[in-house]
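# Close look at the chain arrangement
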Amino acid sequence: MKTIGVLTSGGDAPGMNAAVRAVVRTALENDMRVLGVMNGYDGLMNGEVIEMNLRSVSNIIQRGGTILHSARSEEFKTQRGQEKAAEMCRRLGIEGLVVIGGDGSFKGAQALSKYGVNCVGVPGTIDNDIACTDYTIGYDTAMNTVMEMVDRVRDTTESHSRCSVIEVMGRSAGYIALYAGIAVGATTILVPEFEYDFELDVIDKMRKTISTGKRHFVVIVAEGCGNATEMAKLIQEKTGVESRATILGHVQRGGSPTVRDRVLASRMGNYAARFLRDESNKSCVVAVREDEIVSFPIDEALAMTKTLDLDTYRMAHEISI
């Protein structure tokens with residue numbers, strides 16, 4: 001393979017730049033030309049590409065976001081849009097494409113591969129909700145950001161004997177909420193994967209801990225579990241504990257990636273470029289399993305399902321009293 005493209009799609013995640021850097025430098029080291037596609041699939045359809053060289057990716061490994069930018073494209077979801085993108089790949093000489101993003105981005109890569117463009121998906125999403133991989137690029141950084149922010153909020157929460165209801169990202173996946181919640185010692189963690197009884201799991205639990213002498217509380221809520229502001233009002237009404245809601249929002253997407261995310265992104269990007277070097281390889285998704293970088297055919301990867309570990313969820317609530 002002589003020419004490959006690389007793009008970032010969907011929500012940005014810390015470590016995407018490290019993955020782009022690894023793709024570019026690995027490809028160039030193996031005598032392949034690299035075109036950086038700007039603005040995701042939207043940019044691909046419109047031919048928004050830049051020639052990448054060794055210096056194009058200098059000094060980006062520590063930067064959050066994505067130097068290639070990202071965009072969501074309604075047009076690309078249509079058959080006409082996918083045909084347009086495939087035709088643009090042929091016109092530009094792109095024989096293989098590295099797609100760094102989440103599940104929606106990989107569905108786009110799956111569609112594009114049916115038009116003869118070999119695609120390699122690299123999981124980049126803070127939600128950690130790609131089924132075939134143990135970890136996704138950006139997840140570790142997002143959890144550390146949540147931990148740092150909650151630790152700061154806890155200082156004032158403890159000073160005023162309040163309850164802080166912290167809403168974190170995770171519309172349909174509770175990985176950030178669960179694992180960051182364990183790390184900050186949250187009183188209660190609410191995730192979309194498991195049903196909860198607000199009276200039993202929040203109010204009664206707070207009353208129980210109040211009886212043991214506890215005076216301040218942290219409740220971690222994934223955004224898919226309800227309105228944090230309304231929850232805070234309800235907690236105050238039912239327990240008498242002054243309560244405040246804090247919505248962390250997009251601060252979780254930003255910031256310099258952690259060591260773990262930089263190394264994982266570098267390993268995955270390197271694997272993706274080397275995979276495309278062999279034209280006999282077909283479209284796949286790169287994954288990390290038990291710290292080994294592997295890949296799965298793209299159809300197989302997208303057919304997999306992933307759920308939170310029930311025992312970890314049980315443990316989190318058992319030790320939070």
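These figures come from a predicted structure and were not determined experimentally. Residue numbers run consecutively from 1 along every chain, following the written order of its sequence. Two thresholds apply to this predicted model, a pLDDT of at least 70 for residue-level local features and 80 or more for giving and counting side-chain atom pairs, whereas whole-chain, interface and lining totals are computed over all residues. The basis for the side-chain values is all heavy atoms of the structure; hydrogens and waters are excluded.

## What to know about the pattern of salt bridges
Take a side-chain nitrogen of Lys or Arg and a carboxyl oxygen of Asp or Glu: if they are within 4 Å of each other, that pair is a salt bridge. Overall, the coordinates contain 17 salt bridges when judged by the stated rule. The partner of glutamate 223 in a salt bridge is arginine 171, and the shortest N-O contact between them spans 4.0 Å. Note that glutamate 223 is positioned in the loop between β8 (217–222) and α8 (228–239) and arginine 171 in the loop between β6 (163–168) and α6 (175–184), a separation of 52 residues in sequence. Partly exposed describes any residue whose relative accessible area lies between the buried limit of under 20% and the exposed limit of over 50%, with all areas from a 1.4 Å probe on protein chains only and scaled to the type maximum. Since its relative accessible area comes to 64%, arginine 171 is described here as exposed. Between glutamate 242 and arginine 244 there is a salt bridge, and its shortest N-O distance comes to 2.6 Å. Residue glutamate 242 is classed as partly exposed on the basis of its relative accessible area, which comes to 29%. The class of arginine 244 is partly exposed, set by a relative accessible area of 37%. Several salt bridges share partner residues, and in doing so they unite Glu199, Asp204, Arg207 and Lys238 into one network. Runs of E in the DSSP output that reach at least two residues are strands. Runs of H or I that reach at least four are helices, and both are numbered from the N terminus.

## Concerning the sheet that holds strand β7 (residues 188–190)
Here, any two strands with at least 2 DSSP bridges between them count as paired. A sheet is described by the order of its strands in space; here four strands give the open sequence β7-β8-β6-β9, paired in parallel fashion. Each edge of the open sheet carries a strand with a single partner, namely β7 and β9 (243–247). The average undirected angle you get between the axes of adjacent strands in this sheet is 15 degrees. Strand direction decides the pairing type here: β6 and β9, joined by five bridges, are parallel. When the bridges of β9 are listed, valine 165 appears paired with alanine 245. Running at roughly 170 degrees to β7, α6 makes contact with β6, β7 and β8 of the sheet. Lines fitted to C-alpha atoms define the axes here, with helix axes fitted over just the stretch in contact, and angles between the N-to-C directions of these axes take values from 0 to 180 degrees. Any two residues whose heavy atoms approach within 4.5 Å at even a single point are treated as in contact.

## Quick word on helix α3 (residues 79–92)
Between its first and last C-alpha, α3 extends 20 Å over 14 residues, near the 20 Å set by a 1.5 Å rise per residue. When we look at burial in α3, the residues that qualify are Gly81, Gln82, Ala85, Ala86, Met88 and Cys89. Buried residues in α3, looked at end-on, bunch into an arc of 155 degrees, giving them a common side. In α3, the exposed residues that point more than 90 degrees away from the buried face are Gln79, Arg80 and Arg91. On the buried face of α3, the contacting elements are α2 (40–45) and α4 (103–113). Expected helix span is given by 1.5 Å per residue-to-residue step, counting one fewer step than there are residues. Regarding the arc, it is the one traced by the directions from the helix axis to the C-beta atoms.

## Notes on the nonpolar core
Residue types Ala, Val, Leu, Ile, Met, Phe, Trp, Tyr and Cys, when buried and joined through side-chain atoms within 4.5 Å, form a set referred to as a nonpolar core. Core analysis: the biggest nonpolar cluster contains 78 residues, and Val165, Ile220 and Ile235 have the highest contact counts within it. When residues no more than four places from it in sequence are discounted, the contact partners of isoleucine 235 are Cys163, Val165, Phe198, Val202, Ile203, Met206, Val219, Gly240 and Ser243. Of all hydrophobic cores here, the second largest spans 25 residues; its members include Val37, Tyr41, Val285 and Ile298.

## Some words on the pairing of β8
Along any regular strand the residues' side chains alternate between the sheet's two faces. Here β8 lies mainly inside the structure; six of its six residues are buried. Along β8, one buried face is formed by Phe217, Val219 and Val221 and the opposite face, lined by Val218, Ile220 and Ala222, is buried too. In terms of strand pairing, β6 meets β8 through six bridges, oriented parallel. What sits directly across from isoleucine 166, in β8, is isoleucine 220.

## Examining helix α9 (residues 259–277)
Its 19 residues give α9 an end-to-end C-alpha distance of 27 Å, which sits within 8% of 27 Å, the value for a rise of 1.5 Å per residue. Those residues of α9 that sit buried are Asp261, Leu264, Ala265, Met268, Gly269, Ala272, Ala273, Phe275 and Leu276. One face of α9 carries all of its buried residues, which in axial projection span an arc of 155 degrees.

## As for the packing of helix α7 (residues 198–211) against α8
The relative placement of two packed helices comes down to the angle between their axes together with the axis-to-axis distance. Two elements in contact, α7 and α8, have axes whose closest approach is 11 Å; the angle formed by their N-to-C orientations is 50 degrees. It follows from the interaxial angle that α7 and α8 lie oblique. Two packed elements cross with a definite hand, and for α7 against α8 that hand is right-handed. Contacts from Phe198, Glu199, Val202, Ile203, Met206 and Arg207 of α7 reach α8 at Met231, Leu234, Ile235, Lys238 and Thr239. Each residue is assigned to one of three groups, with Ala, Val, Leu, Ile, Met, Phe, Trp, Tyr, Cys and Pro labelled nonpolar, Asp, Glu, Lys and Arg labelled charged, and all others, Gly among them, labelled polar. Considering only residue class, the contact of α7 with α8 consists of seven nonpolar, one polar and three charged. Small angles under 35 degrees read as roughly parallel and large ones over 145 as roughly antiparallel, with 65 to 115 read as roughly perpendicular and the rest as oblique. The hand of a helix crossing depends on one turn: near helix anticlockwise from the far one by less than a right angle means left-handed, and clockwise means right-handed.

## Details of the environment of arginine 289
Mapped onto the elements, arginine 289 comes out in strand β10 (residues 284–289). With relative accessibility at 32%, the residue arginine 289 sits in the partly exposed group. In contact with arginine 289, other than residues within four places in its own chain, are Ala131, Cys132, Thr133, Asp134, Val294, Phe296 and Met304. Definition of a polar contact: a pair of N or O atoms within 3.5 Å, with one able to donate and the other able to accept a hydrogen when the atoms are protein atoms, and with sequence-neighbouring residues admitted only if both atoms are side-chain atoms. Engagement of the side chain of arginine 289 in a polar contact is seen with the backbone oxygen of cysteine 132, the distance being 2.7 Å.

## Examining the pairing of strand β5 (residues 118–123)
Across the six residues of β5, six count as buried, placing the element largely inside the fold. Pairing analysis gives six bridges linking strand β4 (residues 96–101) to β5, with the strands arranged parallel. Each bridged residue has a counterpart across the sheet, and for leucine 97 the counterpart in β5 is cysteine 119. Here a crossover is taken to be right-handed if, once the strands point away from the viewer, the path from the first strand over the helix to the second is traced clockwise. Between the parallel pair β4 and β5, the chain is carried across by α4, and the sense of this crossover is right-handed. Sheet topology places β5 next to β10; two bridges connect them, and they run parallel. The partner of glycine 121 across the bridge, within β10, is valine 285.

Keep in mind that these numbers describe shape and distance, not what the molecule does.
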